[in-house]
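Architecture at a glance
Here are the chains, one letter per residue:
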Number of protein chains: 2
Amino acid sequence: VATGAPERGPGTEAGVAALDEFSLIARYFDRPGAERQGVGDDCALIDVGGTTLALTSDMLVEGVHFLPGADPRLLGHKALAVNLSDLAAAGARPRCFLLALALPRADESWLAAFSRGLFALAAEHDCTLIGGDTTRTPPAQAGGAQRGPLTICITAIGEVAVATYCGRAGARPGDDIWVSGCLGEAALGLAMRRGEIDCDAMEIAPSHRDACLLRMDRPTPRVALGRALAGCATACIDVSDGLVGDLGHILARSGVGAELRWADIPRPGWIQNLDIATQHRTVLAGGDDYELLFCARAADRTRVAALAAPELAVSRIGTIESAPGLRLRNGDGTLLKTTLQAYDHFASGP
Amino acid sequence: VATGAPERGPGTEAGVAALDEFSLIARYFDRPGAERQGVGDDCALIDVGGTTLALTSDMLVEGVHFLPGADPRLLGHKALAVNLSDLAAAGARPRCFLLALALPRADESWLAAFSRGLFALAAEHDCTLIGGDTTRTPPAQAGGAQRGPLTICITAIGEVAVATYCGRAGARPGDDIWVSGCLGEAALGLAMRRGEIDCDAMEIAPSHRDACLLRMDRPTPRVALGRALAGCATACIDVSDGLVGDLGHILARSGVGAELRWADIPRPGWIQNLDIATQHRTVLAGGDDYELLFCARAADRTRVAALAAPELAVSRIGTIESAPGLRLRNGDGTLLKTTLQAYDHFASGP
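Residues numbered from 1 in each chain as written. Chains lettered and ligands numbered in written order. Predicted model: local features only at pLDDT ≥ 70, side-chain atom pairs only at ≥ 80, totals over all residues. Heavy atoms only, no water.

This next bit is on the overall build of chain A. A count of helices and strands for chain A gives 10 helices and 11 strands. Residues counted as buried form 61% of the 350 residues belonging to chain A. As displayed, chain A offers around 12,700 Å² of accessible surface, 52% of which is attributable to carbon and sulfur atoms. (Helix = DSSP H or I, 4+ residues; strand = E, 2+ residues; numbered from the N terminus. Buried < 20%, exposed > 50% of the residue type's maximum accessible area, 1.4 Å probe, protein only. Areas by Shrake-Rupley, 256 points an atom, 1.4 Å probe, with all protein chains shown as cover.)

On to the pairing of strand β8 (residues 257–261) of chain A, then. All names here are of chain A. Burial runs high along β8: four of the five residues are buried. Relative to strand β10 (residues 314–321), β8 runs antiparallel, the two being bridged by four bridges. Opposite L260, over in β10, you have G318 as the bridge partner. Looking at chain direction, β8 and strand β11 (residues 325–329) are connected through five bridges and run parallel. Bridge assignment links A258 to a residue of β11, and that residue is L326. (Pairing = 2+ DSSP bridges.)

This part is about the pairing of strand β9 (residues 292–296) of chain B. All names here are of chain B. With five of five residues buried, β9 is to be regarded as a mostly interior element. Of the two faces of β9, both are covered, the one formed by L292, F294 and A296 as well as the one formed by L293 and C295. Direction of pairing for strand β7 (residues 233–238) relative to β9: antiparallel, over a ladder of five bridges. Each residue of the ladder has a partner; that of A233, found in β9, is A296.

We now examine the environment of A:L101. Tracing the sequence through the fold places A:L101 in strand β3 (residues 93–103). Each C-alpha atom, one on A:L101 and one on A:T135, is 6.2 Å from the other, the two residues being 34 residues apart in sequence.

A word on the sheet that holds strand β2 (residues 51–61) of chain A. All names here are of chain A. With mixed pairing, the five strands of this open sheet are ordered in space as β1-β2-β5-β3-β4. The sheet terminates laterally at β1 (44–48) and β4 (128–136), the two strands that pair on one side only. Between one strand axis and the next, the sheet turns by 20° as a mean value, whatever way the strands run. Here β1 pairs with β2 via five bridges, running antiparallel. Residue pairing across strands places I46 opposite L53, the latter belonging to β2. Where helix α3 (residues 108–124) meets the sheet, it contacts β3, β4 and β5 (151–160), and its direction lies at approximately 165° from that of β3. (Axes fitted to C-alpha atoms, helices over the stretch in contact; angles between N-to-C directions. Contact = heavy atoms within 4.5 Å.)

Pairing between the strands of a sheet comes from backbone hydrogen bonds, and it takes one of two forms, parallel or antiparallel. Residue and element names in this part refer to chain B. Pairing is mixed across the open sheet formed by six strands, whose spatial order is β7-β9-β6-β10-β8-β11. Pairing within the sheet leaves two strands with one partner each, and these edge strands are β7 and β11 (326–329). In this sheet, neighbouring strand axes are inclined to one another by 25° on average, regardless of whether the strands run parallel or antiparallel.

Before going further, it helps to examine unusual backbone geometry. Phi at A:Y290 is positive, roughly 55°, even though this residue is not glycine. One can find A:Y290 in the loop between α8 (276–284) and β9 (292–296).

With that settled, the discussion passes to helix α7 (residues 243–254) of chain A. All names here are of chain A. The first and last C-alpha atoms of α7 sit 16 Å apart over 12 residues, in line with the 16 Å expected at 1.5 Å per residue. Of all 12 residues making up α7, nine are buried, and the element is well covered by its neighbours. Along α7, the residues that are buried comprise L243, V244, G245, D246, L247, G248, I250, L251 and S254. (Expected span 1.5 Å × (residues − 1).)

Attention shifts here to the packing of helix α2 (residues 72–89) of chain A against α3(A). All names here are of chain A. Interhelical geometry of α2 versus α3 gives an angle of 35° and a closest axis separation of 6 Å. Considering the relative orientation of α2 and α3, their crossing is right-handed. Where α2 approaches α3, its residues P72, R73, L75, G76, H77, L80, A81 and L84 are matched on the opposing element by W110, A113, F114, R116, G117, L118, L121 and A122. The class makeup of the residues in the contact of α2 with α3 is 11 nonpolar, three polar and two charged. (Left-handed = near helix turned anticlockwise from the far one by under 90°. Nonpolar A, V, L, I, M, F, W, Y, C, P; charged D, E, K, R; others polar.)

Let us look at the packing of aromatic side chains. Two aromatic rings, taken as a pair, are described by how far apart their centres are and by the angle between their planes. Applying the stated criterion to the full structure yields eight aromatic pairs over all chains. Summarising the aromatic geometry, the rings of A:W110 and A:F114 are spaced 4.8 Å apart at their centres and angled 10° between planes, so their arrangement reads as stacked. Note that A:W110 and A:F114 are positioned in helix α3 at a spacing of four residues, about one turn of the helix. A single burial state applies to A:W110 and to A:F114, both of which are buried. Ring geometry for A:F119 versus B:F29: centroids 6.5 Å apart, planes at 45°, classification tilted. Highlighted residues: A:F119 in helix α3 and B:F29 in helix α1 (residues 16–29), drawn from two different chains. Of the aromatic side chains, those joined through ring pairs into one cluster are A:F29, B:W110, B:F114 and B:F119. Lying across the ring of A:W262, A:R267 places its NZ or CZ 4.0 Å from the centre. (Phe/Tyr/Trp six-rings, centres within 6.5 Å; stacked < 30°, edge-to-face > 60°. Lys NZ or Arg CZ within 6 Å of the ring centre and 35° of its normal.)

Taken as a whole and assessed by the stated rule, the structure comprises 32 salt bridges over all chains. Two residues, A:R95 and A:E159, come together in a salt bridge whose shortest N-O distance is 2.8 Å. Note that A:R95 is positioned in strand β3 and A:E159 in strand β5, a separation of 64 residues in sequence. Taking the relative accessible area as the measure of exposure, A:R95 reaches 11% and is therefore buried. You can call A:E159 partly exposed: its relative accessible area is 22%. In this structure, B:R261 and B:D264 form a salt bridge, with 2.7 Å as the shortest nitrogen-oxygen distance. Taking relative accessible area as the criterion, B:R261 reaches 22% and is therefore assigned partly exposed. Judged by relative accessible area, which is 32%, B:D264 ranks as partly exposed. (Salt bridge = Lys/Arg side-chain N within 4 Å of Asp/Glu carboxyl O.)

Take the nonpolar core next. Judged by nonpolar contacts, the single largest core of 55 residues is most densely connected at A:F29, B:F97, B:L99, B:F114, B:I152 and B:F294. The leading source of residues in this core is helix α2 (residues 72–89) of chain B, at nine residues. Residue contacts for B:F97: discarding those within four places in its chain leaves B:L80, B:L118, B:A122, B:C127, B:T128, B:L129, B:I130, B:G131, B:I154, B:T155 and B:A156. Core analysis: the second largest hydrophobic core is formed by 54 residues, A:L45, A:F97, A:I152 and A:L225 among them. (Core = buried A, V, L, I, M, F, W, Y, C linked by side-chain atoms within 4.5 Å.)

So, about the environment of B:L111. The topology assignment puts B:L111 in helix α3 (residues 108–124). When the C-alpha atoms of B:L111 and B:D41 are compared, they prove to be 32 Å apart, with 70 residues separating the residues in sequence. Once residues within four sequence positions are removed from consideration, B:L111 is found in contact with A:L24, A:I25, A:Y28, A:F29, B:L103 and B:A106.

With that settled, the discussion passes to the confidence of the model for chain A. Residues and elements named next belong to chain A. For chain A, the mean per-residue pLDDT works out to 87, and 87% of the residues sit at or above 70. Note that residues 1–17 has pLDDT below 50 and, in this model, 66 contacts with residues that lie over four places away or in other chains. Across residues 340–350 the pLDDT falls below 50, and counting only partners more than four positions away or on other chains, this stretch makes 18 contacts in the model. We note a pTM of 0.90 for the whole complex and an ipTM of 0.89 for its interfaces. (pLDDT = per-residue confidence, 0-100.)

See below:
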């Protein structure tokens, strides 16, 4: 998630109006300052001695970013994962984090499960909890509302090699556009959880439903890939808002346009059996996949392709162009009649 | 506020039971790790190259730490001030901060005022906003509850000279106990705002009422004093929970006891005209003053006294002793019949 950028997620009411609201908010907090490296990127950067730190803060609110009653172990994982994904996009090595929690109550089994999920991912990335804050949520209101909402704010700190840091502003015409893994499952998982799609009518197999929900609930931050891309990628972002929206951030910050080839955008085989509108919606506009979307010089194509691992593919999905805007080309060479704007809007609703 | 410690403030329901709940919470998040300097202190410390950073995260929740409808300019000030106060207690030079906000709505006049209060204090301490996150609070509930609560999480980062860092664990028998400024006004301001005291019946002059409310709403982090104490104080904490409670943290971490001299504890002259129970309650147990409470060798008495400035006194209020527990002595030499426990309890209610 970008420094200061709005977040979307389950239950959000964000739409075009809300995005405008958040542009307004951003205006009030966007001040010039000495320590403004990384502004508009996934992390803020500060120089400390000879080291550059990447810092990111993400707040997850019950009823906005996760549903009430969400599995606490998965929530502990996800709260840290979204921050580690920001560090991954910055090519940073995770180092430590602070955890601020507003809790409706001290429920021992909830705490045990949440901390288990949190610390398992932290250990995997050698990222230490160094401090934070614990507080209560406000008392239940007269209207009958429960205490809440449970609110989690994690600030993660990593180290970056500043010489190879790319951010979002370095994409140049002719660069390849790449994405890791597969897209679309997390958005389908969210739609399932919200009861917005009928899996039976769409003939989605139970194992695929489970895979979608797991993708939604338990994202994998692409930390190793992010670090391997240092010195090779010209721009990088994590796919949290959706492919088109997040690519839009790179295009805007880099002052370029792009063409994407629909046929090359990686999605699981079974998703290719769904109706095309659902495919577009989930693969192009669905967020929460937390894959890395990045650009690299065409000359580095072999080097990038070599970063693919058995457990994580990298796919070349398009090209940066000097003409502004985003063009999406079908397999037969025709342009898909869609615009970035339309997808942004769609992504925010219904 | 201590790393991982519970916070109290306006409207909290915290009491002895709640404190036990938070001990439970702390147990789940207190893991040994490589980066565990400063644990139990006001900030966490990490070494980055040859530099040591102090980091602190504080979450302020509407209805818990401030009342709905609180003046946004003062709120912007206070949200940063409580974090800078933690840096002050660590003797750190403030450097930058991240701001995560969950907002019920994007109200332009609220944002303008909040950011004005925030940036005025940030500029005063040359502390730059480097990033963060903005999100919505959950939608209004069917029961009629409004969107909310407004939640502010600031993570502040400062630099410390680790050779002179003291934390809370260094107090030794024979050390003097000192406190900056005056105590009691913030607690009275909170009681006024909650309608818990009758200012007319207590004959509190309007100008004193205003001073108390301002002290509550607009704390001044003692950053310069905190830095000046480096190499001189043996232990330091900011008074956020109340003198007795916060001194208790130093005593527990240092494995010592203390005697406090009631007559020497600084409070405004007019507070000395209030009934003695109110004085004890506000001066000994009232939080939110954000003064620095610290210990120093008796041999450094002159050096510490010289740190007093026209705008900020330092008062010697007691002595660290080897016998555990806290003894509070009246001006006539008798012991005040009160215990740390009793004050903790009182501070948490009603």
